[in-house]
Amino acid sequence: MTVHLHWFLPTGGDGRTLVDRHAYAANPVDRARPVSGVRAPDIEYLAQIAKAAEQLGFEAVLTPTGTWCEDAWLTTVALAQHTERLKFLVAFRPGVISPTLAAQMAATYQRITRGRLLLNVVTGGDSAEQRRFGDHLGHDQRYARTDEFLSVVRGVWSGQPYDFDGVHYQVEGGLTALPPDPLPEIFFGGSSAAAGPVAARQADVYLTWGEPPAQVKEKIDWIRGLAEREGRTVRFGIRLHTISRDSSAEAWSTANRLLDDLDADTIAAAQSALGRSESVGQQRMLALHGGSRDALEISLNLWAGVGLVRGGAGTALVGGHAEVADRIEEYHALGIEHFVLSGYPHLEEAYWFGEGVIPDLAARGLLPRARAGGGAPLLVAGGR
């Protein structure tokens, strides 16, 4: 089992700071104001990141979904015209789109991009966010709907008229005349009791946020056991930030600098907003640091500082290149196959990781050498 490496497209903005904190400002108007040092997520900048990820050897890029970022479907299909091999892990919310239409969109996407679509299903753990999109279901009901949604999508992809009579969807003769080829892999995350059975029945890859290895192993064992009861095999992935440098000291210095412009009020506002989330995964992230700057290295080379002000993935692998590779190897030994990574700013951090860690992983036999970066050979003067 080799490692699959993926990067992240910051469609909500990027920069040399924890940009995401502005999504949790106490005053919603503040979120729309220009922020010093933040890079706009325009197509030119995102194309730079996508091209860098492709050249460095990443397989795909995750594109988020939500109020404070650009639409993932539209953004990535545009970026597909700027890249050749890079795949796009498109996050979307099943409750705000018809499953038959989603199946059709995926099929069209695969033809336009020649098979470069992966799907990240985001059920949603924040009711306020869901209501912005007209979704008023409760937490567990949303997961039950996601289960039906993915059943319809897979049924419609069969190429034959498909009927479905569920609580949330009733479909008669659902059909994608030309099914996607290949079928997009479905990535799915969720830490609640309601999420586990859905992952076992529907996911190709179960994603967890970056918890310490022992907690990640518990999740893997949980989902693997549920999948076995369904007669299925599920693969596993993890979502992490990275700060990898030529030395451990340099990496930790960079991590600490990310906190320099965070005052107590900013952290408190973000923690208050995130604390209202219904997401069990989000609550597990918050529990790793408890809102405190103290003792943020929660496991060897695993730093929880990002989660002080960012929702979702809140931990980073921090260290020298070999140390970061060690931690990836440790998670891989537990059963993690897909690593969805990111860093601030995303363009520069892609190069730090791609030029520092990827060759190390390839040397360990964890990564096919064909994926260990690309580009033209180095030309060295020969005295002629």
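Our subject is the structure that appears above.
Now for a quick tour of the structure. (Residues numbered from 1 in each chain as written. Predicted model: local features only at pLDDT ≥ 70, side-chain atom pairs only at ≥ 80, totals over all residues. Heavy atoms only, no water.)

### Side note on the side chain of Ser191
- Tracing the backbone through its elements, the reader meets Ser191 in the loop between strand S9 (186-189) and helix H6 (195-202).
- You can call Ser191 buried: its relative accessible area is 16%.
- For Ser191, the side chain forms a polar contact with the side chain of Lys219, separated by 2.6 Å.
- Beyond its immediate sequence surroundings of up to four residues, Ser191 is in contact with Tyr206, Lys219, Trp222, Val280, Gly281 and Arg284. (Helix = DSSP H or I, 4+ residues; strand = E, 2+ residues; numbered from the N terminus. Buried < 20%, exposed > 50% of the residue type's maximum accessible area, 1.4 Å probe, protein only. Polar contact = N/O pair within 3.5 Å; in protein donor to acceptor, adjacent residues only side chain to side chain. Contact = heavy atoms within 4.5 Å.)

### Comments concerning the pairing of strand S8 (residues 170-174)
- Here strand S7 (residues 162-165) runs beside S8; their pairing, made up of three bridges, is antiparallel. The partner of Tyr162 across the bridge, within S8, is Gly174.
- Between S7 and S8, which pair antiparallel in sequence order, lie four residues. (Pairing = 2+ DSSP bridges.)

### Things to note about the pattern of salt bridges
- Counting across every chain of the model gives 20 salt bridges.
- Across the salt bridge formed by Asp147 and Arg201, the nearest N and O atoms sit 2.7 Å from each other. Residue Asp147 is located in helix H5 (residues 139-156), and its partner Arg201 is located in helix H6; the two are separated by 54 residues in the primary sequence.
- Asp326 is paired through a salt bridge with Arg364; the nearest N and O atoms lie 2.8 Å apart. Taken together, the residues span a long stretch of sequence, with Asp326 in helix H11 (residues 321-334) and Arg364 in the segment after helix H13 (358-363) at a distance of 38 residues.
- Arg364 gets classed as partly exposed once you look at its relative accessible area, which sits at 27%.
- Each of the salt bridges in this network shares a partner with another, and the network as a whole consists of Asp326, Glu329, Asp360 and Arg364. (Salt bridge = Lys/Arg side-chain N within 4 Å of Asp/Glu carboxyl O.)

### Comments concerning the packing of aromatic side chains
- Inspection of the entire model under this criterion finds nine aromatic pairs.
- Aromatic pair Trp73 and Tyr109: ring centres 6.1 Å apart, planes at 70°, arrangement edge-to-face. Taken together, the positions of Trp73 in helix H2 (residues 72-79) and Tyr109 in helix H3 (residues 99-113) put the pair 36 residues apart, joining distant regions of the chain.
- With a relative accessible area of 11%, Trp73 lands in the buried category.
- Arranged with centres 6.4 Å apart and planes meeting at 25°, the rings of Tyr162 and Phe164 form a pair that is stacked.
- Look at Tyr162 and you get partly exposed, because its relative accessible area is 23%.
- The rings of Trp73, Phe92, Tyr109, Phe149 and Tyr169 are connected pair by pair, giving a single aromatic cluster.
- Here the basic side chain of Arg310 rests over the ring of Phe8, its NZ or CZ set 5.9 Å away from the ring centre. (Phe/Tyr/Trp six-rings, centres within 6.5 Å; stacked < 30°, edge-to-face > 60°. Lys NZ or Arg CZ within 6 Å of the ring centre and 35° of its normal.)

### Section: the pairing of strand S1 (residues 4-8)
- The element S1 is largely enclosed, with a buried count of five among its five residues.
- Of the two faces of S1, the one carrying His4, His6 and Phe8 and the one carrying Leu5 and Trp7 are both buried.
- Looking at chain direction, S1 and strand S15 (residues 336-342) are connected through three bridges and run parallel. From the neighbouring strand, Leu5 faces S15, where its bridge partner is Phe339.
- In terms of strand pairing, S1 meets strand S4 (residues 60-63) through three bridges, oriented parallel. Among the inter-strand pairings, His6 is bridged to a residue of S4, identified as Ala60.

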